[in-house]
Each structure stands twice: as structure tokens, then as C-alpha cells.
Amino acid sequence: MSKPKPKVRKEVISMSKQGLEERIQNFNEVAFGYAEEEAVAEAERCLQCKKAPCVKACPVEVDIPEFIRLIKEHRFDEAIKKVKEKNSLPAICGRVCPQEEQCQADCTMGKIGDPISVGRLERFVADWERERGYDVPQKSASTGKRVAIVGAGPAGLTVAADLTKLGHEVVVFEALNKPGGVLVYGIPEFRLPKAIVAAEAEYIEKLGVTIKTNAVIGKLYTVEELLESFDAVFVGTGAGLPRFMRIPGENLCGIYSANEFLIRVNLMKAYKFPEYDTPVWVGKKVVVIGGGNSAMDSARSALRLGADEVWVVYRRSRKEMPTRMEEVENAEEEGIKFKFLSNPVRYFGDERSWVKGIECIAMELGEPDESGRRRPIPIKGSEFIIDVDTVVVAIGNTANPLIQQTTEGLEVTKWGTIVVDEETGKTSKEGVYAGGDIVSGVATVISAMGAGKRAARAIHEYLMNKR
Amino acid sequence: MYNIVTKRELVPHINLFEFSAKEIAVKTKPGQFIILRVNEKGERIPLTMADVDPEKGTITVVCHEVGKSTRQLGQLEEGDCILDLLGPLGKPAEIGKFGIVLCIGGGVMVAPLYFQAKALHEAGNKVIGGIGARTENQLIFENEMREVCDEFYVATDDGTRGYKGLGFLEELLKERKIDRVITMGPILMMKKVSELTRPYSVPTIVNLIPIMVDGMGMCGACRVTVGGRTLFACVDGPDFDGHQVDFEELMTRLKMYSPQEKLAFVFYEEGGSSL
Ligand SMILES: Cc1cc2nc3c(=O)[nH]c(=O)nc-3n(C[C@H](O)[C@H](O)[C@H](O)COP(=O)(O)OP(=O)(O)OC[C@H]3O[C@@H](n4cnc5c(N)ncnc54)[C@H](O)[C@@H]3O)c2cc1C
Ligand SMILES: Cc1cc2nc3c(=O)[nH]c(=O)nc-3n(C[C@H](O)[C@H](O)[C@H](O)COP(=O)(O)OP(=O)(O)OC[C@H]3O[C@@H](n4cnc5c(N)ncnc54)[C@H](O)[C@@H]3O)c2cc1C
Ligand code: SF4
Ligand code: SF4
Ligand code: FES
């Protein structure tokens, strides 16, 4: 205990990655994660701040200094328990949270050197635990109450885990054939291995939750019908409706929505075609339209599927890209090219109706819009043409509409998202709660989980006060 | 896992399957479809339901083996199970009291057309049925259709049974006042039917089955142009106004994966894929 304190290291401990040449040929995870001694060395850099700004910037308020201290002392099992008090999917958040905008943004250490790599440490303890097998916590006595969850994305899974631990009977209804939401159908294997998502879902099942896949609510049962046999319903159906630009030629062959492209590649494992049956077609020159996570994930997937050249066409500049910088850097490193301040106006096809060219227009940035980013304005007469044989339209998704269309008395915004009370997730309909992307529009995994936590608390209260 | 309760070969390469799927059976209306997957590596196969038995808790589909995945399904037997079964998807067909309704079906889609014809008949319409196939020994569901139709025609492309081609339809349209036409089958046939009815302004409903992935509005693979607007067949359809549909676009989009489909088929036939 009384050893003299060594001088604090300012530079972050780097995480080893797959070699460049190799990684653009496969779908294996890019970053390997810390080894034990690396994790401990990174943990030793943490200043254990009293007013920890990191905690305040984490949407679920993980007790960051405490779990890092436990890592420093090699008490990994306690460290993971500490993280899991607030975050039930740490292996996932450690990998995909935009940490540079959240827990690491105001890190005190960041003022004199590199911020502490909270995400990598979180990932380390989560992986450490998964390799050893999960401890399933004790359940509370049954309350006799039943809750239905619609959608097995991060929001739904969080509510499910929290409510089952409190003794409620929970059934999750998921339309796709696997639980995980965007984590299985959107985010590619090379950023988030699907075995991890499966392990987290299994853990939640071990807690006692029933996950029913292939169950589309609104078709198989309505929310109304669920309320007949459940005491409350949580809607976490996400924002999965692909947007198109509605410009001429958009239905030509070879033009995908990012959702179609990513569902084929991730959920249906088209990257293993023909061992897996679902095909995906990628030409020599691929253009991805958009600048968010879906755009980066589509571009990097296209490269791995054998494209010679992949361009990302984005209407604003690099600075405005709504995606993690770490992933933009990875993409650049891998050879993805960017065409900023450009926007497609129409597509041309060949005689077989396959896309062969895009007419784009150059943009300049004007005043900031509602999102606070500068609004792109087309420059007259600046049209130019890009040759192409595959296009992925990744300009964003909007709320899945099915529940709103089939549920009487559910208040909805003009964007199609469900209106809730921010603190509780309570909707305008008695016994119905909602959270995640279906309320906020596309946001982040951790914010969906945060909404899930709040809703779970409110649903518990509601159930315990109900006759 | 979903059990195959009945499997029957109707004609070579066209099989009827009855799956045990109670929850879906109770909810299904004519015109709706399911998506199934045979196993973990399987593709999602959309199939329109040809009947349901809510009491027994079963649904019936009829599937034509056209490529790898449908061939693989065709190789399963009674008592076997499939991994995934999702439904009911799509909007139900509009079943109202229209008067005289003409139901024109071709190929494998005669089976799901039967489900609609039956409902239309029960709703008090006079149903005229017309079914066709390439050739005589490819005709399916003839007896089933006869039972629910007040009047009935058979046609083949090569004239080996009944009328040759769609000539009978032209006659009917000329001579009778038809209130509604419903057509399910090959795109070229539905296109032809829509062209024939257009001069008579008979409302004509076509059933569009573009390539689909999720089947619930999340991917846009199934986009079709109807009346100049892009719609998603899986959630906005699959039934559309035949006089408004861009059939050419639909046909090209359906061929998008032809080279890959051929590869998958060869791979499968040579035993590369595990069942
Ligand atoms: C390609 C991509 C990459 C991303 N990368 C990141 C990242 O790196 N970091 C990050 O923090 N965020 C990222 N995001 C955003 C993040 O994934 C989402 O904000 C988050 O998944 C939202 O969680 P959710 O539970 O609200 O919804 P979802 O994850 O969308 O899950 C909703 C689930 O509900 C199901 N469902 C829908 N309708 C029904 C119905 N009627 N009946 C039954 N089930 C239904 C859906 O199938 C789905 O499984 C990314 C998003 C995309 C699209
Ligand atoms: C809503 C809907 C309902 C359908 N109902 C029936 C039905 O009741 N009975 C039946 O036999 N078939 C039906 N189909 C078509 C059936 O789903 C396809 O034939 C099947 O998915 C082809 O798979 P495959 O691997 O065997 O053939 P593939 O090798 O993939 O394809 C062979 C040919 O079939 C066509 N095709 C491929 N995929 C699809 C697809 N997803 N949808 C439509 N056509 C496709 C293509 O034109 C291709 O050239 C339906 C399709 C849809 C979308
Ligand atoms: S959950 Fe996300 S934001 Fe919170 S500490 Fe972990 S990585 Fe940081
Ligand atoms: S702000 Fe940074 S240095 Fe301070 S406790 Fe948090 S992680 Fe450690
Ligand atoms: S099949 Fe995906 S949107 Fe219709």
C-alpha cells in the first residue's frame, strides 16, 4: 500500500488490431481488445477523480472510477459486477458506445494527455467474464405480474432483464429470427461479433426471460390483445424504416438501402455465401450515400465483400459526420474514399436496368439547422457524374410504423415516433410504455438502454401499485 | 421449430405443405403470406397462404421448386421441421361484396388464389374462376377451385388442356359485366390481364411478389412503382391496382440475383451445403 506512486502515463495504452491487408479480406473483429496486463496498465492511468466527470457523461452513469480501481487491483470479477449494476450489456457498449462524446469526453486525464479508455476497459472486463461463464443472479420472489416487450433491441432487452430480476414474468416478442435488433442486423461482425450478442441474449434468457422470435406484433397480436394477458407492454421497436431520396432511377438494380445491404450481410450472413443461402451483390465500384454509422458500416462491408473501390458521398463535410470518429479513421485506413459536400440528384442505368452512374451536385454549407449542423445548399451548375456499379443509400432510418398503425389511442409525433414522458417512458395509453429509437429516432445503443432502465423502473412501480 | 403435418406432391416440383402453426392460423386472412427458413443457413422464403385451419392450428402453402431454397424445402417430408416461420405478413386481400368477380390464376399461385376465391364466394359474390398453367400436367388446385366457383375455365399456354392462352378472358370481358378482376400468377400473365381489362375499366387487382428480405418494411428490397410512387410490396401490398403497376421494373428487379441464385443451386446439387 505504501509503495511510491509512479508517474502517471499520459498516453493511452493502445489496443492491437488485425493487420490492414488481412482485415479488409475478412469479417473478423478488427480490434483484439486488451490483455490483462494492458488493462491494468490503462486502469493505472485513471486519476480516480472525486467529482468524476466521466460518470456524469455516461447515459447510464456507470461507476467508472470504481470499476477502474477494481481492474487496477486485478479484481476483475468485482469490476464486472460494478459495471453491470448500471449497464447490462457491457461487452456491447464497450465496443460501440461513442465514448469520445460520452464518458471519455470530459475525462480529467484528457486535459493533460489521452483520456482514459473507459470503453476498452469495460469491454475487457465483460470479455473476461464471458470467457469464464456468467453468474446468474438470484431472482426476486415472483410478483405474479406479466409484462410483454415488443422488440428485442437494446431497449427491449434492458427492460426485460431489469423486470425479470424484480420477479415479474417477461415475454419478449421479436419479429426477426434472432434477438438483438440493430446489434444483429445492422452493426457488422467486424465491429461487434454476433456471438457476443447471442451470449448476452442467452444470459437474459437464463435470468428467466422468454424470447419469442418470428413474432411480429401488430400482425400476430395487437398491443391491445397483449394487454388482455399481460399487465403492461413495453414498445421498443426501433427505427428500422429505410429512407430513400425519391430521386429518378432509385429503383434500378444494384441500388440498396443500407438496411437491405446490412440485413443481408449481417443477419443472413451473405458474406458466407454460398455456404449460407442469402446472396448479396457487390460490384467493382461501390458508392455509399450518407455519413452516419450505417454509411460507414456499409462501406466497410462492401470493401470486405470484394469491391475494388468504395466511395462515401456525403452532403456535408467530415466534421459534421454523425458517426464515431474511430470508425471514420478505421474506414480511411482501410482505403475507403470520401467525397464530401456532394449529393446525388439522379441515377442512370444500362440497357439491363442496372445502375451505372450517379449525377451528383456539389454543396456548400450555410447556416446551422435544427440539428445544430450547418445546412448543405446545392451549388447551381456544379453537377458531375460518378461511374458506379453498386449503390448503398444510407441516409437514415425512421420509426417502424406498425405498432403506431395498429394501436388505438397511442399518441405519435409528426415524425412517426411515439410520444412518451421522458422520465418514465409512459405513453398516452394506459399500461403501455416505450423507449429507444422508436421514441428518439436513431440514437445510440446506450441511450436506448438508458430509456429502457427508466421505463423498467416506472413499469415496476406501476405494476406494484396496480390492484 | 414448426412441424410439417402434411406434404403432398401436386405435380412434379410443386408441393403442398401443411405446417403446424396455431398462432398464425388463427390470425390469417386470405392474401397474407408467411416467411419461412428451413435451417440456420437458409434464405428467407416468402409464400402466400393457400388455406388455414384455425381449429386444427395449421396453415397450408404450395411451393414451386424454382431454385435452391425451394428445392431444399421440397426435399422435406411429413414429420420434418423447419426452423423459422413468420406471419401473417402483408395486407389481407379486400373481401367485399362486389357482384361478379373474376379470379384468374396461373401456375403455383392458383393455390393462394383459391383461398381468396373461397372467401369471395362465401361473401356472396358470383365467382368466375379461370386457372392456367404452361401445360396440362402442370395444372394444380383445379378441383378445389371448381368447388368455390360458380363458373369455371381452364387454359394452358400450349393448348394441351382447355383454352389456349387468355382468349377466353377477352370473350368474357366483351360479353359480360364484370365488377372486379383478381389475378395471381406469373408477372407476364398479370400484365396481360391488366391490359385486357383496362379498356373496360374493370378494377383489376394484381398480386406482386418481388424479391423480399424481411417482409415487414425494414429493407426496401421489395419496392415497386405503382402510379408513379415507390411502395413496399410487403407492407403496402402485396395486392395493387394492376392498371397502375410498372411491370417492366418489377421484372428486371426480380432477376437481380440470377447469377448468384444459379451458383447457390449448383453448390446445393453438388452437396456443398449441409441440410
Ligand atoms: C448500421 C447501424 C450502426 C449503428 N452503430 C452504432 C454504434 O456504433 N454505436 C451506437 O451507440 N449506436 C449505433 N447505432 C444506433 C443503435 O444501434 C440504435 O440506436 C439502437 O439499436 C436502438 O435500440 P432499440 O432497442 O431502440 O431498437 P433496435 O435496435 O432497432 O431494435 C428494435 C427491434 O424491434 C423489432 N421490431 C420492430 N417492429 C416490431 C414488431 N412490430 N414486432 C416485433 N418486433 C419488432 C426489430 O426487428 C428490432 O429487432 C447504429 C445503427 C445502425 C442502423
Ligand atoms: C409475397 C410472396 C409470396 C410468394 N408466394 C409464393 C407461393 O405461394 N408459392 C411459390 O411457389 N412461390 C411463392 N413466392 C416466390 C418464392 O418465394 C420464391 O420462388 C423463392 O423465394 C425462390 O427461392 P429459391 O432459392 O428457390 O430460388 P432462387 O434461386 O432464389 O430464385 C429463382 C427465381 O425465383 C425468383 N425469386 C427469387 N427470390 C424471390 C423472392 N424472394 N420472391 C419472389 N421471387 C423470387 C427470381 O426471379 C429468381 O430468378 C412468393 C414470393 C413472395 C415475395
Ligand atoms: S456505457 Fe458507454 S458511455 Fe457509459 S461508461 Fe460504458 S462505454 Fe462509456
Ligand atoms: S474522469 Fe477520467 S481520470 Fe477521472 S475518474 Fe473518470 S476516467 Fe478516471
Ligand atoms: S421485404 Fe423488406 S421492406 Fe419489404
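Every chain is numbered independently, its residues counted from 1 as its sequence is written. Note on labels: chains are lettered from A, ligands numbered from 1, in written order. Side-chain atom pairs in this predicted model are given and counted only at pLDDT of 80 or more, local residue features only at pLDDT of at least 70, and totals for whole chains, interfaces and linings cover all residues. The basis for the side-chain values is all heavy atoms of the structure; hydrogens and waters are excluded.

Participant: Run through the overall build of chain B, naming residues and quoting values.
Facilitator: A helix here means a DSSP run of H or I that spans at least four residues, while a strand means a run of E at least two residues long, and both kinds are numbered starting from the N terminus. Looking only at helices and strands, one finds 9 helices and 16 strands in chain B. What the globule rule says is 2.2 Å times the number of residues to the power 0.38, and the radius of gyration is computed from C-alpha atoms. Over its C-alpha trace chain B gives a radius of gyration of 18 Å, about what one expects of a compact globule, namely 19 Å for 275 residues. Viewed in the frame of its principal axes, chain B has a C-alpha envelope of about 55 × 40 × 35 Å. Summary of the burial criterion: residues with accessible area below 20% of their type's maximum are buried, those above 50% are exposed, and those between are partly exposed, where the area comes from a 1.4 Å probe applied to protein chains only. The proportion of buried residues among the 275 residues of chain B is 60%.

Participant: Account for the domain arrangement of chain A, with residues named and values stated.
Facilitator: A common way to report how large an interface is uses the accessible area buried once the components associate. All names here are of chain A. As assigned here, chain A comprises domain 1 (20-132), domain 2 (146-240 + 399-465) and domain 3 (244-397). Start and end points for every domain follow an automatic or database-based domain assignment. Distance from the C-alpha centre of domain 1 to the C-alpha centre of domain 2: 26 Å. Working rule for contacts: check all heavy atoms of both residues, and any pair within 4.5 Å makes them a contact. Taken together, the 21 residues of domain 1 in the interface contact 21 residues of domain 2. As used here, buried area is the combined drop in accessible area, with a 1.4 Å probe, of two parts when they are placed together. The junction of domain 1 with domain 2 conceals about 1900 Å² of combined surface from both sides, 75% of it contributed by carbon and sulfur atoms. Put simply, a salt bridge is a Lys or Arg side-chain nitrogen that is within 4 Å of an Asp or Glu carboxyl oxygen. For the interface between domain 1 and domain 2, the tally reads 0 salt bridges. Identification of polar contacts relies on pairs of N or O atoms within 3.5 Å, with a donor-acceptor requirement for protein atoms, meaning one able to donate a hydrogen and the other able to accept it, and with residues adjacent in sequence counted only if both atoms are side-chain atoms. The tally of links between domain 1 and domain 2 comes to 2 residue pairs in polar contact (both at pLDDT 80 or more). Broken down by element, the side of domain 1 that touches domain 2 gets its largest block of residues, 6 residues, from helix α6 (residues 90-96). Three categories are distinguished: nonpolar for Ala, Val, Leu, Ile, Met, Phe, Trp, Tyr, Cys and Pro, charged for Asp, Glu, Lys and Arg, and polar for the others, with Gly belonging to the last. Taken together, the residues that form the side of domain 1 that touches domain 2 break down as 12 nonpolar, 4 polar and 5 charged.

Participant: Now, about the sheet that holds strand β2 (residues 169-173) of chain A: what can you tell me, with residues and values included?
Facilitator: Residues and elements named next belong to chain A. Spatial strand order, β3-β2-β1-β4-β16: 5 strands in an open sheet with parallel pairing. Where the open sheet ends on each side, the last strands, each with one partner, are β3 (210-212) and β16 (432-434). On average, adjacent strands in this sheet sit at an angle of 20 degrees to one another, irrespective of strand direction. A pair of strands is labelled paired if DSSP reports no fewer than 2 bridges between them. Note: strand β1 (residues 146-150) against strand β4 (residues 232-235), 4 bridges, orientation parallel. Across the sheet, V150 pairs through a bridge with V235, a residue of β4. Strand contacts of helix α18 (residues 445-465): β1, β4 and β16, with the helix running at about 170 degrees to β4, the strand carrying the most contacts. Simply put, an axis is a line fit to the C-alpha atoms, just over the touching stretch for a helix, and the angle between two N-to-C directions goes from 0 to 180 degrees.

Participant: Provide a residue-level description of the site of ligand 2, including the pertinent values.
Facilitator: Residue and element names in this part refer to chain B. Around ligand 2 sit 22 residues, and of these P46, V62, H64, S69 and T70 come closest. At 3.3 Å, a backbone N or O of P210 approaches a nitrogen atom of ligand 2. M212 places a main-chain nitrogen or oxygen 3.5 Å from a nitrogen atom of ligand 2. Protein contact buries 89% of the 840 Å² of open area that ligand 2 shows by itself. Looking at the shell around ligand 2 element by element, the count peaks at 4 residues for strand β4 (residues 45-53). Of the residues in the shell around ligand 2, the class split is 14 nonpolar, 5 polar and 3 charged. Mapped onto the domain boundaries, the shell around ligand 2 takes at least three residues apiece from domain 1 (2-89) and domain 3 (208-275). Each residue is tested against the molecule or strand, and it is near if at least one of its non-hydrogen atoms lies within 4 Å. Accessibility throughout is a Shrake-Rupley quantity obtained with a 1.4 Å probe, and a residue counts as covered only by protein chains that appear here.

Participant: Explain the nonpolar core to me, and be specific about the residues and the numbers.
Facilitator: Counting residues in hydrophobic clusters, the biggest one holds 127 residues, and the most contacted among them are A:I64 and A:F67. Looking at this core, the element that brings in the most residues is α18(A), giving 10 residues. Look past the residues within four positions of A:F67 in its chain and what remains in contact with it is A:V62, A:A79, A:K82, A:V83, A:V118, A:L121, A:E122 and A:V125. Counting 41 residues, the second-largest nonpolar core is a separate cluster that includes A:I217, A:L220, A:L410 and B:I4. We define the nonpolar core as a collection of buried residues of types Ala, Val, Leu, Ile, Met, Phe, Trp, Tyr and Cys that are connected through side-chain atoms lying within 4.5 Å of one another.

Participant: Quick rundown of the pairing of strand β14 (residues 223-226) of chain B? Include the residues and the values.
Facilitator: All names here are of chain B. The alternating pattern of β14 places R223 and T225 and V224 and V226 on opposite faces, both of which are buried. Of the strand pairs in this sheet, β14 and strand β15 (residues 229-232) are connected by 4 bridges, and their pairing is antiparallel. By the bridge assignment, V226 is partnered in β15 with R229. From the end of β14 to the start of β15, which pair antiparallel, there are 2 residues, and G227 there has a positive phi angle of about 60 degrees.

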